[in-house]
Every structure is written in C-alpha cells, then in structure tokens.
Amino acid sequence: MKNTATPTATQPLLLERNGAVATLRFNRPEALNAIDVPMANAFLDAVQTVAADPGVRAVVLCGNGRSFMAGGDLATLRADPVQGAIDILTPLNAALQLLLQMNAPVIAQVHGVAAGAGLSLLLMADYVIVAEGTRLNLAYINLGTSCDVGASWALPRIVGTRKALEIALLGEAFTADDALHLGIVNRVVPAADLETAITTLAQRLATGPTLAYGAMKRLMRESMERTLPEQLAAEKDAFVRCASTEDFRTGVEAFHQRQNPSFAGR
C-alpha cells in the first residue's frame, strides 16, 4: 500500500504510508521545520496512530524543505517562554516515549540543519542517515537554556559524558562527518542519495523480525540501568519470548539450510 500525503500549509506534519513503512514528515519548511505547538500536537497524534497499527514495521522521521529541523519555534517561546515550552514539550515527550516503546525501528532521515530539538530527536532514533553538508548543533546553551527531548539521556550514552558536556556547553555547530566520527549518526551519504538510502534501509527493516527488533531496542537502551545479573535475566526473558515467534522458527530454518545446502528442499 502506498499513500503519500500532499504537503499543504495547513498540515504541520504529514503521515505517509508505503506498505509497512510509516513516514512522519515535519512540514513547516518556511521555518526550517521548527517545532511550534500545532506541530508538537500533530506529531503526538501521528505517533499514536502509528503505534496503534501493527502493520507498521518501520518508522522514518524526516523534514520537508531545506532542513530536518531547526529546533523549537522561537516565536512561540518569545511570546510566552514558560507556557510555550510546556505546550511544546508535553506532547513531544509523550510522542518520544511511544516511539521508544514501539517494536518497529525508528530511522531519522536528516539533511540541512538539525539543531536543538532536531538534534535531540535524531539522537533518540534507532538508526540515522544524514546527507553530506548537514550542520548539527545542540544549540540550547546559545539560548540560555538546558536541553530537552531526551538529549541529556541519549548523548552521554552515545559519545560519553565528557564529550557530551563539550557539545552541550559550547553550543558549537559540527558537521555530518564529525557526527559520524562521534557515533551520533550511522551513515553519511551524498544529498542526492539520501532518499534512496532511507528507502532501502526502511524496506529491509520492515521485512525483518519486528518483535526481535523491539526486544533488542529495549535491551540496549535499558542496559545501563541494570546490574549484569539483571541484564542477563532480561536477555533470557526476551530470547524466550522471541523463540516462540514464527520469525524465530523461520530464521532458524533459513540458517540451517544455509549451513546445510544439500538438505534444502528435502
């Protein structure tokens, strides 16, 4: 099934489906997709729709126009700093937690600029591909505020506490290649190849063992909160659950046939 929404000025976020792949496309290109209250609420609505659909097996986050996302909407924050922040972050945080709980892998497709909340969102994705020439900046300190949308949780886990503090406290922009070197992103590709790279990856993941993906996501993200005995027990429980699935039986049989090709088809 392919159902691609047409961008309009009245839709701050577009939810598109192509088979088992759901794409959430931020759609305020005139503002470099800066998040305002309507976009934050639309993002939560879209994530709730995707999370409730068992047919979704991969999720892509991307932005229309020249950039992925330039952070929070400054007009909203200037008008009412405290309430504006609450009204943006409340639905954003709820949406983020739903994405992390999903079995389906979440892929960030990043180009142009990823700053503030835009960088925070890509840090929380499971896989990130960025276009050459992309500029990234945590940026919050340049506005005189601390970070949000999970950056303080994800960034130290990815780059270590010392480097995370450098990125956060200096508020300096860095390149896609810098991000690749730090492990913040998985791949850097030419801008012309970004869409193809994302489509290929999303389709690959969408045909994979979704329940196993979900178990792996949770084991990795929760490992630092557990002792080794607790983690071993969690791994055992997850493996046993996965072993009861058709994906596991199919995978074991396929592996067996690859190791014993003479038995294939018998």
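Structure: above.
(A) Just the side chain of Ser120, in detail. Mapped onto the secondary structure, Ser120 falls in helix 4 (residues 117-124). Looking at Ser120, the relative accessible area reads 0%, which means it is buried. Only 3.0 Å separates the side chain of Ser120 from the backbone oxygen of Asp148, close enough to count as a polar contact. Among residues more than four places away in sequence, those in contact with Ser120 are Leu138, Tyr140, Asp148, Val149 and Ala151.

(B) Structural view of helix 9 (residues 210-222). When the terminal C-alpha atoms of helix 9 are compared, their 18 Å separation across 13 residues agrees well with the 18 Å that a helix rising 1.5 Å per residue should span. Those residues of helix 9 that sit buried are Thr210, Gly214, Ala215, Lys217, Leu219 and Arg221. Considering only its buried residues, helix 9 is in contact with helix 3 (81-101), strand 5 (106-110), helix 4, helix 5 (151-159), helix 10 (228-243) and helix 11 (246-259).

(C) Up close: empty space enclosed by the protein. On inspection of all chains with the given rule, the structure shows 1 cavity of 30 Å³ or more. Looking at the largest cavity, its volume works out to about 30 Å³. The wall of the largest cavity is formed by Leu61, Leu96, Leu99, Val106, Leu121, Met124 and Ala125. Each residue belonging to the lining of the largest cavity can be placed in one class, and the counts come to 7 nonpolar, no polar and no charged.

(D) Quick peek at the sheet that holds strand 8 (residues 135-137). What the 3 strands build is an open sheet, ordered 6-8-9; its pairing is mixed. The open sheet has two edge strands, strand 6 (113-115) and strand 9 (174-175), and neither has a second partner. In this structure, strand 8 lies alongside strand 9, joined through 2 bridges in antiparallel fashion. Directly across from Leu136, in strand 9, lies its bridge partner Phe174. Contacts from helix 4 reach strand 6, strand 8 and strand 9, with the element oriented near 90° to strand 6.

Cut-offs applied
Residues numbered from 1 in each chain as written. Predicted model: local features only at pLDDT ≥ 70, side-chain atom pairs only at ≥ 80, totals over all residues. Heavy atoms only, no water. Helix = DSSP H or I, 4+ residues; strand = E, 2+ residues; numbered from the N terminus. Buried < 20%, exposed > 50% of the residue type's maximum accessible area, 1.4 Å probe, protein only. Polar contact = N/O pair within 3.5 Å; in protein donor to acceptor, adjacent residues only side chain to side chain. Contact = heavy atoms within 4.5 Å. Expected span 1.5 Å × (residues − 1). 1 Å grid on protein atoms, 1.4 Å probe; cavity = no way out; pocket = protein on both sides within 12 Å on 5 of 7 lines; lining within 4 Å. Points joined across faces, edges and corners; volume = space filled by probe spheres on them. Nonpolar A, V, L, I, M, F, W, Y, C, P; charged D, E, K, R; others polar. Pairing = 2+ DSSP bridges. Axes fitted to C-alpha atoms, helices over the stretch in contact; angles between N-to-C directions.

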